[in-house]
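# Observations on the three-dimensional arrangement
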Amino acid sequence: MQFIGAIVTIGFIAVIVKLSYIIFIKGNDYKKSAYAQQTKSQIISSNRGTIFDSNGKVLAVSVSVDTVSINPNKVKYENGKKVEPEVLATKFAEIFGLEYEDALAKASSESSVVVIARKVESDKVNLLKEWMNENNVTSGINIDEDFKRYYPNGSLASTLIGFCGTDNTGLTGLEAKWNDTLVGTSGVLTATLDVNGEAISDEDEEYVAPENGSNIYLTIDSYIQGIAEKYLKDAVEENNAGYGGVILMDPQDGGILAMANYPDYDLNDPQNPVYTGLSEEWDNLTDKEKSEAKYKLWANKNVSYLYEPGSTFKTVVASIGLEEGVVETDTADVEEDEESEE
C-alpha cells in the first residue's frame, strides 16, 4: 500500500508540475494560439474617393467587385463529402479564364486560404454561385466584397490622373500624389469560429466600419482636355515627334484647365503595350526594356521632364523690363536694329 501510495503521489506531483508549466510558463502562448484558431478577422475594404473635373464630371471612381478565395481542405458538398480539386480547377478555369494547371495547383494547395481571382465582376460571381447551388457546395468557397478602380473616359488625362494597383493603392499621377486623401480606412469584422472553422454569430463579434476616402475636384475641364489631346496627337504624328505635351492655364487664377501628353494609354488597362507605339515589336523586347517603356509612357512629361524654355522665357524678359522701367504695360513692340545699338 505504501508503494502504491508513493506511485500515486509521484504521479500527482508530476501532473501538478505539468499543469503549472502549461498555465504559468506556456499559458500566454497557448492563449494566443487558441485565439488565432477560434477567431477570424476579415478586412472590409473602404471605398476609394472619386476624382471629378471642374464641372463635376467623374474621371475616376471605385465600383463594387468581389475577391474569390477558397479553404482547399474545407470545400465540401452539403453531405460533408469533399469536392475534388479537379472539379474545382475545371470550374474555376471556365468561369475566371484561368489556366487549368494553375487552377488545379490552387485547388490542391495545403494552405489554409488561397485566392482564386481578384476584382471579379458580378456576372462571373453569379455563375459561381449558380454552380454552387446546383451542386450543393456549401462550404470552403469565400466571396468577399472588394472595390475596383474604373476610369469612364479611358485614356483621357491618363498621365495626369494615373492609376491604382490591385490593392487600390495609387501608383502614378494624382492617384499616387493624393493617395492618403483618396484611400480611406479599411474596416474589420472579427468573429468566433466553430470546430469546422465556420463563423459563429455571438456577442463577442466585433465590427469596425470602414471609412470611405474623400473625393477631390480638379481644375481640369474634361471638354478642354479632350480638345487639347486631339490636337496634340495630330501635331505629334504630323511632325513625327517622339512625344508631345501641352498645358492650358486660366490666366485669371492660374488654374490648370488641361494637361495633356502624347502618347497616352488606357487607364483601365495600363499594362497593355498597344499604346506605347511598340506593339509590333513588344514580344521581342527584354523585360527591362518593357519596364522602361511602360514607365516612360506613364510619366507626366509636363512636370517630370526637362525642356528648353523657348517662348515661355519671354514672360521673364517682360517682367524685367517692367521692373526696370524700360517698358510699360502698354508699350508697343520694341525692336532695335544693329545700327541703333551701335
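Residues numbered from 1 in each chain as written. Predicted model: local features only at pLDDT ≥ 70, side-chain atom pairs only at ≥ 80, totals over all residues. Heavy atoms only, no water.

The next subject is unusual backbone geometry. Backbone torsion omega between Y262 and P263 reads 5°, so that peptide bond is classified as cis. Mapping P263 onto the fold places it in the loop between β13 (256-262) and α10 (287-298). Positioned with a positive phi, K119 is a non-glycine residue whose angle comes to about 55°. Positionally, K119 belongs in strand β5 (residues 114-120). (Helix = DSSP H or I, 4+ residues; strand = E, 2+ residues; numbered from the N terminus.)

Right, let's get into the confidence of the model for the protein chain. Of all residues in the protein chain, 85% have pLDDT values of 70 or greater, and the mean over the chain is 84. Predicted confidence for residues 337-342 stays below pLDDT 50, and this span has 1 contact to residues more than four positions away or in other chains. (pLDDT = per-residue confidence, 0-100. Contact = heavy atoms within 4.5 Å.)

To continue, consider the side chain of N142. Position of N142 among the secondary structure elements: in strand β7 (residues 141-150). Taking relative accessible area as the criterion, N142 reaches 18% and is therefore assigned buried. Here the side chain of N142 touches N71 through a polar contact of 3.2 Å, side chain to side chain. (Buried < 20%, exposed > 50% of the residue type's maximum accessible area, 1.4 Å probe, protein only. Polar contact = N/O pair within 3.5 Å; in protein donor to acceptor, adjacent residues only side chain to side chain.)

Moving on, we get to the nonpolar core. A general trend in soluble globular proteins is that nonpolar side chains are found buried together. One finds L88, F92, F96, L128 and I141 to be the most contacted residues of the largest nonpolar core, which totals 22 residues. When residues of this core are traced back to their parent elements, those giving at least two are β3 (58-70), α3 (85-96), α4 (100-107), β5 and α5 (122-134). With 5 residues, α3 is the largest single contributor of residues to this core. Those residues in contact with F96 that lie beyond four places of it in its chain are V68, I116, A117, V120, K124 and L128. Counting 20 residues, the second largest nonpolar core, distinct from the first, contains A60, I161, L182 and W298. (Core = buried A, V, L, I, M, F, W, Y, C linked by side-chain atoms within 4.5 Å.)

This part is about the pairing of β3. Every other side chain in a regular strand lies on the same face of the sheet, so the side chains alternate between the two faces. Direction of pairing for strand β2 (residues 51-52) relative to β3: antiparallel, over a ladder of 2 bridges. When the sheet's bridge partners are listed, I51 is paired in β3 with A60. Connecting β2 to the next strand, β3, in antiparallel fashion are 5 residues, including G56 with a positive phi near 85°. Pairing analysis gives 10 bridges linking β3 to β7, with the strands arranged antiparallel. By the bridge assignment for β7, D66 is matched with E145. With 4 bridges joining them, β3 and β5 adopt antiparallel strand pairing. Across the sheet, the residue bridging to D66 is V120, located in β5. (Pairing = 2+ DSSP bridges.)

A few words now on the side chain of N261. In this structure, N261 sits in strand β13. Side chain to side chain, N261 and T159 meet in a polar contact 2.8 Å long. At a separation of 2.9 Å, a polar atom in the side chain of N261 contacts the side chain of N300. Those residues in contact with N261, other than ones at most four positions away along the chain, are T159, L232, G244, G245, N300, K301 and N302.

This part covers a nonpolar patch on the surface. A surface patch of nonpolar side chains, amounting to about 700 Å² of accessible area, comprises V15, L19, Y21, I22, I23, F24 and I25. Summarising the element assignment, Y21 is placed in helix α1 (residues 2-25). On the basis of relative accessible area, Y21 is assigned to the partly exposed category, the value being 36%. (Patch = residues over 30% accessible without salt bridge, like charges linked within 9 Å, V, L, I, M, F, W, Y side chains within 5 Å. Areas by Shrake-Rupley, 256 points an atom, 1.4 Å probe, with all protein chains shown as cover. Salt bridge = Lys/Arg side-chain N within 4 Å of Asp/Glu carboxyl O.)

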